[in-house]
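Next come the chains, spelled out residue by residue.
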Amino acid sequence: MPIFKGRDVDLYYEVKGEGKPLVFTHGASWDHEQWQPQVDFFSRRYQTVVWDVRGHGLSSLPDGKVNSEDFSRDLADLLNNLGIEKATLCGLSLGGHVSLQTAVRYPDKVAALVLIGTPFTNAFNWYERMFVPLNRWLSYLMPMSLSGKIQGKMLSKYNKSNQAYIEKAFRSIPHSNWVRIWDAVTRMDSTKDLDKIHCPTMLLQGESDTMIRRQQEYLRQRIANSSLRIIRNAHHATNMDNPNEVNEAIASFLTENEI
């Protein structure tokens, strides 16, 4: 089992294929298996890397308060360990935010960004400023199995198999770990850093993804050299809902930017 022993954490990862590196980072409460449709497609021409963010999947979580700054640092350390000088980073939701922050903090390591259903703050408007603290409080009270069932049902409209995967991923995280992880995730904020991103950036949004829709046009306006594309028949689990259209969009983006 491939494990990178970082500064204070063991990170699970998988590498497949050869060529220019594409690194995929999953959403909160999910794991590397989210990206199987993309690995199957892109590993024919690229070196694909998937990994589990600390506290998720097969990666460990140190004791104490979770610092979200460690997410991007872990990714940069993993790239160094794999001998990858520069990569295209692709992430969904939390994974997109981690990829975005990696481009801000380690710009020399990022050739391009693909941000799918990505928030850059959890306080974008009055609704988020009211709802996110409530959601953070509910994470203390709600069992992981129930959280997984609720999210799985909500995000399986276009792909029924999403529900089993989401529930399985949720159940793999101890509740005490999830409370600490979610507290850190919901406090991430990159509002003041968006103008520091200069690499080619593509934003992908599921047409039914109401969770992040309000932030996407703002991202497009604030990130130089960025574009926004809507993915049909897709909600927040965009890459699993409509993998063919997501794969085609990423492939076109890479070709247009000669990556």
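Shown above is the structure to which this text applies.
Going along each chain's sequence as written, the residues are numbered from 1 onward. Local features in this predicted model are restricted to residues of pLDDT 70 or higher, and side-chain atom pairs are both shown and tallied only at a pLDDT of 80 or more, whereas totals for entire chains, interfaces and linings draw on every residue. Neither water nor hydrogens contribute to the side-chain values; these are computed over all heavy atoms in the structure.

Caption draft 1: View of the sheet that holds strand β3 (residues 21-25). With respect to topology, eight strands assemble into an open sheet ordered β1-β2-β4-β3-β5-β6-β7-β8, the strand pairing being mixed. Strand pairing shows two members of the sheet lacking a second neighbour, β1 (3-5) and β8 (226-231), which therefore form its edges. Neighbouring strand axes in the sheet, compared pairwise and without regard to direction, differ in orientation by 25° on average. Most of the contacts of helix α2 (residues 69-81) go to strand β4 (residues 47-51), to which it runs at about 140°, and overall it touches β1, β2 (10-16), β3, β4 and β5 (87-92). Strands are labelled as partners when DSSP assigns at least two bridges between them. The way it works is that DSSP assigns letters per residue, a run of H or I at least four long becomes a helix, a run of E at least two long becomes a strand, and they are numbered from the N terminus. Axis angles are defined between N-to-C directions and span 0 to 180 degrees, where every axis is a line fitted to C-alpha atoms and, for a helix, only to the segment in contact. Contacts are assigned to residue pairs that have any heavy atoms within 4.5 Å of one another.

Caption draft 2: The environment of L58, seen in detail. Looking at the element boundaries, L58 is found in the loop between β4 and α2. Overall, L58 belongs to the partly exposed group, its relative accessible area being 44%. Distance in space between the C-alpha atoms of L58 and R180 is 17 Å, their sequence separation being 122 residues. For L58, the residues in contact, after removing those within four places along its chain, are M1, I3, Y12 and D52. Between buried and exposed lies partly exposed: a residue is buried under 20% and exposed over 50% of the maximum accessible area for its type, with that area taken using a 1.4 Å probe on protein chains only.

Caption draft 3: Spatial organisation of helix α8 (residues 213-222). Considered for burial, the residues of α8 that qualify are Q215, Q216 and L219. Viewed end-on, α8 has its buried residues packed into an arc of 110°, placing them on one side of the element. This arc describes the spread of directions from the helix axis toward the C-beta atoms.

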